Amino acid sequence: MADSKIVPVILAGGSGTRLWPISRDSLPKQFLPLSTSGGTLYQDTLLRVAQGDLFAAPIIVTNDEFRFFAQRQAREVGVEPTVMLEPVRRDSAPALLAATLLAQQLHGEEATLLVLAADHVIGDVPLFHEACRKALAAARLGHIVTFGITPTEPRTSYGYIRRGAVLNGGAAAQVEAFAEKPTATTAQDYVEAGYLWNSGNFLFPAHVMLEEAESFEPEIVEAVRGAVANSTSDLGFCRLGADFHAAPSLSIDYAVLERTSRAAVVEGNFPWSDVGSWNAMREISAPDENGNVQRGPVRVIDAANSYIHSEGPLVAAIGVEGLSVVATGDAVLIMPSERSEEVKHLVASLKAERRNEANEHPRMHRPWGSYETINLGGRFRVKKIIVDPGERLSLQRHHHRSEHWIVVHGTAEVTVNEKVFMVQENESTYIPLGAVHRLTNPGRIPLELIEVQVGSYLGEDDIVRLDDVYNRVEAVAPAAVS
């Protein structure tokens, strides 16, 4: 018998680039503290479905790169999810269908799923829960129910939904058509005609989604069935089998939603944003009396209607209006706010030029902690490394460089070849080229140290892992701090 609770499925594997330079492939926006709650967007999403008795424990869909983010940030807010790992990115249809099969294993064949993006902002949780209850009633009639948002203005960055016949006493309606992102004129027509924004979040009975997917995309269903059947447990994560590689890459919108006759929509009156641009970030924040939003070390004089955000240097602005200014330790973005949708094109050009700033965040996070590059020269690199209490790096060696470690906070347990010893605050040690070494934090406070690499080659691929508590022995990770 199916669990009567709704099973939340949170899609958290995306690599956001529209909020560059803060959000990058190595640290996308869902894991960043961008909302007004102080938590990350992913944590806000988890808490949204952790209240009351409406929801079961969530299933998180992500990939190997983000698995420890997903697990750690969930535990920080008291949630213990099932984290499912995709072996390769195949868009939303294979990911969602794999989660649907897993939900049936955990909660029964008749399980009902609520699929949510990990990086959206919803401003009124009780109203959202009310919409979920309406959607649940429609789903029990055999519908795949999407959440349509009441437009506040014509938007060209959202898809739209045209409603048809009413269902369930008017609580829901059939979907007459999905409309792609329109021109400005068409968007105005859609709003006047009563269209809804398509939020990309939806609720459905598991068996209905699988029936429709098998009808339209049997190749995807076959691949994900094999992937779930051959999944394995790895450090508590559910790792999908290699069959997943055979699944065609397709969004759930194109695979099912836009082709099924069983689509329905519930109107959501709650404030909602997909946080898809820096202009959207300004809209979900609280501006001052001049319409400015300031985050981080920022000072403004005679500025208006601007969003200024710094995670590194002091940013000062005089006499500006209608700008978005975003700064990190290695990049600064300046643009008219209305052109924030063009950031994705800028990032694409940076990637084409193979610029590290396009993908790598200044602070790189690892299962054991984080590191950031302070300085880089022809034959040296200086990094600040933070190792969380009780964590340890892999046992490793390098072919082209030696390293100097200076402890500035905490106590380090250091392994160099056969020798294991402690390095205290304000002490240092030397790792010769080719030596087998490991760094461990045996204490109860974060270990902070400065690492100086010296050698003929400082690339990220100069590493040989010999042992790793995170099962990454065969992976290639950033040098000396993996």
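Structure's up top.
Remember, it's a predicted structure, so these values are computed and weren't measured experimentally.

A.B. asks: Please clarify how the pattern of salt bridges should be interpreted in this entry.
C.D. replies: Note on pairing: side chains with opposite charge can pair once their charged atoms come close. Tallied over the full model, the rule gives 25 salt bridges. Arginine 163 is paired through a salt bridge with glutamate 267; the nearest N and O atoms lie 2.8 Å apart. With arginine 163 in strand 7 (residues 160–167) and glutamate 267 in strand 12 (residues 263–268), this residue pair connects regions lying 104 residues apart in the sequence. Residue class for arginine 163 comes out partly exposed when judged on its relative accessible area of 34%. In the salt-bridge network here, residues are joined through shared partners; they are Asp64, Arg67, Asp234 and Arg239.

A.B. asks: Would you mind going over the nonpolar core with me for this structure?
C.D. replies: Ranked by size, the top nonpolar core spans 55 residues in total, and within it Tyr42, Ile60, Trp278, Val414 and Leu439 carry the most contacts. Here this core gets 4 residues from one element, more than from any other, and that element is helix 2 (residues 67–76). Residues in contact with leucine 439, not counting those within four places in the same chain, are Val387, Arg392, Leu393, Trp405, Ala412, Glu413, Val414, Leu447 and Leu449.

A.B. asks: Just to check I follow, could you spell out the environment of glutamate 391 for this structure?
C.D. replies: Looking at the secondary structure, you find glutamate 391 in the loop between strand 22 (380–387) and strand 23 (395–397). What makes glutamate 391 partly exposed here is its relative accessible area of 24%.

A.B. asks: What is the right way to look at the side chain of serine 92 in this model?
C.D. replies: Mapped onto the fold, serine 92 is located in helix 3 (residues 92–107). Of note is the side chain of serine 92, whose polar atom sits 2.8 Å from the backbone nitrogen of isoleucine 252. Those residues in contact with serine 92 that sit more than four places away from it in its chain are Leu11, Leu250, Ser251 and Ile252.

Thresholds applied
- Residues numbered from 1 in each chain as written.
- Predicted model: local features only at pLDDT ≥ 70, side-chain atom pairs only at ≥ 80, totals over all residues.
- Heavy atoms only, no water.
- Salt bridge = Lys/Arg side-chain N within 4 Å of Asp/Glu carboxyl O.
- Helix = DSSP H or I, 4+ residues; strand = E, 2+ residues; numbered from the N terminus.
- Buried < 20%, exposed > 50% of the residue type's maximum accessible area, 1.4 Å probe, protein only.
- Core = buried A, V, L, I, M, F, W, Y, C linked by side-chain atoms within 4.5 Å.
- Contact = heavy atoms within 4.5 Å.
- Polar contact = N/O pair within 3.5 Å; in protein donor to acceptor, adjacent residues only side chain to side chain.

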